[in-house]
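The lines below spell out each chain.
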Amino acid sequence: MPELNIETVNQTTAMLFSGRLDAQGVARLWDIAVKTVKKAGQTKIRIDLESVDYMDMAGATFISYLSRLAVSTKAEQSDLVTGVKKEFVPLLDLAEKSKNEASAPPPKVAYIEKTGRDLAASLEDTKMFITMVGQITVALFSCIKNPGRIRWADTWMVAERSGVNALPIVALISFIVGLVMAFQAAIPMRMFGAEIYVANLIGIAMIRELGPLMTAIVLAGRSASAFAAEIGTMKINEEIDALTVMGMEPVRFLIVPRIIAATLITPLLTVFSNFVGILGGMVVILSFGYPPIAYYNQVVGFVSWEDLAGGLVKCFVFGLLIAATGCIRGYQTLRGPSAVGDATTRAVVSSIILIAVFDGIFSVIYFYLGI
């Protein structure tokens, strides 16, 4: 049990602590110790720890607080804390250091300076991103010239995780999108007795735009985040540095298989998404009393092979963007407990932004090409 004996001799108030100064002991002695320091008047305070048997960080923080309180409310103190055992010195030093760091106010930064720092950080991030894109491009061309350098076992494993395991979520989202879009389009079509033309809308929208776009967004949230987390964890654990020391190229060893797998699997997932989305629209048409063959004839007669090819070209680019962005953000992971989470968030956000930008670019190109 902790104890506190208070003695006043020759204008000096001695606070003699004994026992255990842990969290429970500090809670028992807090009120009486603080009141003693505040009521001491102009008398000097001496905190004696010679009889303390045990002290943890709670006790060290308590003693540090009492010493600061004594200094701030009284005249200059000398020999404030005495009788400290050598095993307690590091704890008291740490408590004092933490107090100084916490009490130091953050420096004020002018708006112009803050804007400049943010701009410099953005430019540095862009520079690193472009540098990594160049390294990945060189590694990809090198592997294309020498396919034997590609780690095919890792590539097929990543393709399975990113593609086959993503089939359920892609199917669910595509089916619901096709179903909802068909119901919404049927409302104005019904006014003209043209519900069957909902099939044309579903077919062209899914194959040209929504199929590739929804698949890419799902992969951005699912695969890009996984790539960033995996490579970011390797970066923090210094596994990437170990690969470099062993003479292996981290880009070819880690990033190239993921990019190849994502680039190959994204078009296949898109074809599956197109089929499921069109199937969702067919459910709505069947509920209006039309036979399945009528829906099939409308879709096949309206959608051309150029539409399918245009959507698949998008998919290759989207898959490349998703994998490259996830790997680059993971490779840029910094130190700290939240570094992997930050890298994962940046990977998903960057992937979705790039998907939206390149989707707009493809739309403009297809418009002028008449596709």
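To be clear, the structure that these remarks concern was listed above.
In short, a report on the structure. (Residues numbered from 1 in each chain as written. Predicted model: local features only at pLDDT ≥ 70, side-chain atom pairs only at ≥ 80, totals over all residues. Heavy atoms only, no water.)

In this structure, the largest pocket spans a volume of roughly 470 Å³. Lining the largest pocket are 16 residues, with Ile-207, Phe-275, Ile-278, Val-299 and Val-300 sitting closest to its centre. Going through the elements one at a time, helix 9 (250-287), helix 10 (292-302) and helix 11 (305-331) are the ones with two or more residues in the lining of the largest pocket. Of the residues forming the lining of the largest pocket, the biggest block, 6 residues, is contributed by helix 9. The class makeup of the residues in the lining of the largest pocket is 14 nonpolar, 2 polar and no charged. Estimates place the volume of the second largest pocket at around 370 Å³. (1 Å grid on protein atoms, 1.4 Å probe; cavity = no way out; pocket = protein on both sides within 12 Å on 5 of 7 lines; lining within 4 Å. Points joined across faces, edges and corners; volume = space filled by probe spheres on them. Helix = DSSP H or I, 4+ residues; strand = E, 2+ residues; numbered from the N terminus. Nonpolar A, V, L, I, M, F, W, Y, C, P; charged D, E, K, R; others polar.)

Membership of the largest hydrophobic core comes to 27 residues, with the highest contact counts inside it found for Ile-136, Ile-255 and Ile-259. Listing elements by their share of this core, those giving two or more residues are helix 4 (111-145), helix 5 (152-162), helix 7 (198-236), helix 8 (239-245), helix 9 and helix 11. In contact with Ile-136, not counting residues within four places along its chain, are Val-251, Ile-255, Ile-259 and Ile-328. Judged by nonpolar contacts, the second largest core, of 25 residues, contains Leu-29, Leu-69, Ala-70 and Leu-80. (Core = buried A, V, L, I, M, F, W, Y, C linked by side-chain atoms within 4.5 Å. Buried < 20%, exposed > 50% of the residue type's maximum accessible area, 1.4 Å probe, protein only. Contact = heavy atoms within 4.5 Å.)

Further remarks concern the packing of helix 7 against helix 11. Axis separation between helix 7 and helix 11 bottoms out at 7 Å; the angle between their running directions is 15°. Between helix 7 and helix 11, the interaxial angle falls into the category roughly parallel. As helix 7 runs across helix 11, the sense of the crossing is right-handed. (Axes fitted to C-alpha atoms, helices over the stretch in contact; angles between N-to-C directions. Parallel < 35°, antiparallel > 145°, perpendicular 65-115°, else oblique. Left-handed = near helix turned anticlockwise from the far one by under 90°.)

On to empty space enclosed by the protein. The tally for this structure, following the rule as stated, stands at 1 cavity of 30 Å³ or more. Lining the largest cavity are Ser-162, Leu-219, Ser-223, Phe-227, Ala-262, Ile-265, Thr-266, Gly-319 and Ile-322. Those elements that provide at least two residues to the lining of the largest cavity are helix 7, helix 9 and helix 11.

Look at Glu-238: it is not a glycine, yet its phi comes out positive at around 65°. Take Glu-238: it is sitting in the loop between helix 7 and helix 8. Taking relative accessible area as the criterion, Glu-238 reaches 47% and is therefore assigned partly exposed.

Bringing the side chain of Ser-351 into the picture now. Here Ser-351 is to be found in helix 12 (residues 339-369). Apart from residues no more than four positions distant in its own chain, Ser-351 is found in contact with Ala-220, Ala-224, Ile-322 and Thr-325.

This paragraph deals with the pairing of strand 3 (residues 44-55). Bridge count between strand 2 (residues 12-21) and strand 3: 9 bridges; the pairing is parallel. Along strand 3, the bridge assignment pairs Thr-13 with Ile-45. In terms of strand pairing, strand 3 meets strand 4 (residues 81-82) through 2 bridges, oriented parallel. Directly across from Asp-48, in strand 4, lies its bridge partner Thr-82. (Pairing = 2+ DSSP bridges.)

Attention now goes to the pattern of salt bridges. Under the counting rule described, the total for this entry stands at 15 salt bridges. When the shortest N-O distance is used, the salt bridge between Arg-346 and Asp-125 registers 2.4 Å. You can see Arg-346 sitting in helix 12 and its partner Asp-125 sitting in helix 4, a full 221 residues away along the chain. Residue Arg-346 is classed as partly exposed on the basis of its relative accessible area of 34%. In the salt-bridge network here, residues are joined through shared partners; they are Asp-125, Arg-329 and Arg-346. (Salt bridge = Lys/Arg side-chain N within 4 Å of Asp/Glu carboxyl O.)

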